[in-house]
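# Observations on the model geometry
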Amino acid sequence: MNSDSFELDRLNHLIACYPQLRSQTLAEVEYKGNLYPLIRAELGSSEPSVPTVVFVGGVHGVERIGCQVQLAFMASLLARLGWDSSLQLLLSKVRLSFVPVVNPVGLLRGTRCNGQGVDLMRNAPITSTDKVPLLVGGHRLSAKLPWYRGKSAMERETKALIDYVSSLLTTSSSVIVLDAHSGFGLSDHLWFPFACRQTAMEQVGRVYRLKQLFEASFPHHNHYRFSPQSLIYQTHGDIWDYVTSKQHTTPFIALTLEMGSWSWVKKNPRQLFNFAGLFNPQKPHRYHRTLRKHTVFMQFLVDLAASRTLENLTDKQLSKLDRLANQLWYE
Ligand SMILES: [Zn+2]
């Protein structure tokens, strides 16, 4: 299967090759008479008391690289599981879940929105109380304009993803989500809730600790800018805002990886004339470099979850970390 093949076919290929993947269709979406599944595939422990890391991609169909980064990491883990005894041991302590093709119709058509013209990352039932930027913050004007929130109901894809992650929160000791996107700026960002308001989420100290541990452990891989999304721009309808605002007991961190695609465009300005080129590396060496670039951080998330370091923070430690997080991001 080459790098241009449909990502849903690549996911199905992995599921067919590796019977240890526990796959399930969370929803089906219809487009032009065909049905496209939204699939999750789990790996590792199935115990209800273990931490879970969820790798999400393809929420925005035009941002194919996010989906491909998740599929590449998934394929690498599966290949290693055949021989790597340390990985086998690690996966006895943690559950991994992959939902790399959230918006199959968008990926098929090369559009940001789904088949109904709805931007799934503006479609969750949560509304900013502040003023959001016109259009880009989400609107209900018309499906013909980008960043359309939909009329009022959740789209099948949005609901299926929210229901699935919510169910994991009741069957895991903690949940970390990494949702991969591309297209914003020159650098790689890691955003966390809220997008809809400029106040800190509960236990934001856990995100601060995650950042601290990553930067101390991998100082030469520290090309990420961590921040609450609202520091960059505010939006309505963010899926991770919604799940975070509903969640109060199980430790939960949702990170949105925004890969800085403008650097690919800067180095290859011809990409400006190709819509998909604004969101995805076009040259093979840059494509492969991007697939490699995030592996260290993804593996770190798995190791961190399995270690339960963030789960085991005491109230005292957490309140100190909350204070540090507030100083860094909100004051
Ligand atoms: Zn996106």
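Each remark here, short or long, concerns the structure printed above.
Residues numbered from 1 in each chain as written. Predicted model: local features only at pLDDT ≥ 70, side-chain atom pairs only at ≥ 80, totals over all residues. Heavy atoms only, no water.

Walk down a regular strand and you will see the side chains alternate between the two sheet faces. Extensive coverage of strand β7 (residues 224–228) is indicated by the burial of four of its five residues. In terms of strand pairing, strand β6 (residues 188–192) meets β7 through five bridges, oriented parallel. The residue bridging His189 from the neighbouring strand is Arg225, located in β7. Following the chain from β6 across helix α6 (residues 205–217) to the adjacent parallel β7, one finds a crossover that is right-handed. (Buried < 20%, exposed > 50% of the residue type's maximum accessible area, 1.4 Å probe, protein only. Helix = DSSP H or I, 4+ residues; strand = E, 2+ residues; numbered from the N terminus. Pairing = 2+ DSSP bridges. Right-handed = clockwise from strand over helix to strand, strands pointing away.)

Moving on, we get to the sheet that holds strand β4 (residues 95–99). With mixed pairing, the eight strands of this open sheet are ordered in space as β1-β2-β4-β3-β5-β8-β6-β7. The sheet terminates laterally at β1 (22–31) and β7, the two strands that pair on one side only. Taking the axes of each pair of neighbouring strands and ignoring which way they run, one obtains an average angle of 20° across the sheet. Pairing between strand β3 (residues 52–57) and strand β5 (residues 175–182): six bridges, direction parallel. Note that in β5 the partner of Val53 across the bridge is Ile176. Relative to the sheet, helix α7 (residues 239–246) contacts β3, β5 and β8 (252–259), its axis offset from that of β8 by approximately 170°. (Axes fitted to C-alpha atoms, helices over the stretch in contact; angles between N-to-C directions. Contact = heavy atoms within 4.5 Å.)

A word on a positive patch on the surface. Judged by side-chain charge, Lys266, Lys267, Arg289 and Arg292 come together as a positively charged surface patch. When residues of the positive patch are traced back to their parent elements, those giving at least two are α8 (262–267) and α9 (284–293). Tracing the backbone through its elements, the reader meets Arg289 in helix α9. A relative accessible area of 39% places Arg289 in the partly exposed class. (Patch = residues over 30% accessible without salt bridge, like charges linked within 9 Å, V, L, I, M, F, W, Y side chains within 5 Å. Areas by Shrake-Rupley, 256 points an atom, 1.4 Å probe, with all protein chains shown as cover. Salt bridge = Lys/Arg side-chain N within 4 Å of Asp/Glu carboxyl O. Lys, Arg positive; Asp, Glu negative; His and termini not counted. Charge placed at Lys NZ, Arg CZ, Asp CG, Glu CD.)

What follows deals with the nonpolar core. Ranked by internal contacts, the top residues of the largest apolar core, which has 95 residues, are Leu96, Leu210, Trp240, Leu255 and Phe297. With nine residues, helix α2 (residues 64–81) is the largest single contributor of residues to this core. Residue contacts for Leu210: discarding those within four places in its chain leaves Phe226, Ile253, Leu255, Phe297, Phe300, Leu301, Leu304 and Leu310. (Core = buried A, V, L, I, M, F, W, Y, C linked by side-chain atoms within 4.5 Å.)

A separate point is the coordination of the zinc ion. For the zinc ion, the protein coordination sphere consists of His60 (ND1), Glu63 (OE), Glu63 (OE) and His181 (ND1), at 2.1 to 2.5 Å. Donor residues for the zinc ion sit on one chain with the sequence pattern H-x2-E-x117-H. Of this pair, His60 sits in the loop between β3 and α2 while His181 sits in strand β5, and the two are 121 residues apart along the sequence. Residue His60 shares its accessibility class with His181, and that shared class is buried. (Donors = N, O, S within 2.8 Å, 3.2 Å for Na, K, Ca; no water.)

Our next topic: the pattern of salt bridges. Using the criterion set out here, one finds 10 salt bridges in the structure. A salt bridge links Arg64 to Glu7; the nearest nitrogen and oxygen atoms lie 2.7 Å apart. With Arg64 in helix α2 and Glu7 in helix α1 (residues 7–17), the pair connects residues that are 57 residues apart, well separated along the chain. By sharing partners, the salt bridges in this structure join Arg22, Arg40 and Glu42 into a single network.

In this section: the side chain of Asp241. With respect to the element layout, Asp241 can be found in helix α7. Summary of buried charges: Asp241 has no salt-bridge partner, and the nearest side chain of opposite charge, Arg197, is 7.0 Å away. Excluding anything up to four places from it in sequence, Asp241 contacts Ile126, Pro193, Phe194, Ala195 and Cys196.

In this model, Pro193 is joined to Phe194 through a cis peptide bond whose omega is 10°. Within the fold, Phe194 resides in the loop between β6 and α6. With a phi angle near 55°, Gln203 is a residue other than glycine that sits in the positive phi range. Structurally, Gln203 is set in the loop between β6 and α6. Relative accessible area serves as the criterion here: at 33%, Gln203 is assigned to the partly exposed category.

Along α1, the residues that are buried comprise Glu7, Leu8, Arg10, Leu11, Leu14 and Ile15. Projected down its long axis, α1 shows its buried positions confined to an angular sector of 160°, all on one face. For α1, the secondary structure elements touched by its buried residues are β1, β2 (34–44), α2, α4 (104–109) and α9. (Arc of directions from axis to C-beta.)

Here we come to the packing of aromatic side chains. Under the counting rule described, the total for this entry stands at 14 aromatic pairs. Look at Phe226 and Phe297: their rings are 6.4 Å apart centre to centre, the planes differ by 70°, and that puts the pair in the edge-to-face class. Taken together, the positions of Phe226 in strand β7 and Phe297 in helix α10 (residues 295–307) put the pair 71 residues apart, joining distant regions of the chain. In terms of burial, Phe226 and Phe297 fall into one category: buried. Ring pairing ties together the aromatic residues Phe214, Phe218, Tyr224, Phe226, Phe297 and Phe300, which thus form one cluster. The ring of Phe194 has Arg197 sitting right over it, with the charged end atom 3.9 Å from the ring centre. (Phe/Tyr/Trp six-rings, centres within 6.5 Å; stacked < 30°, edge-to-face > 60°. Lys NZ or Arg CZ within 6 Å of the ring centre and 35° of its normal.)

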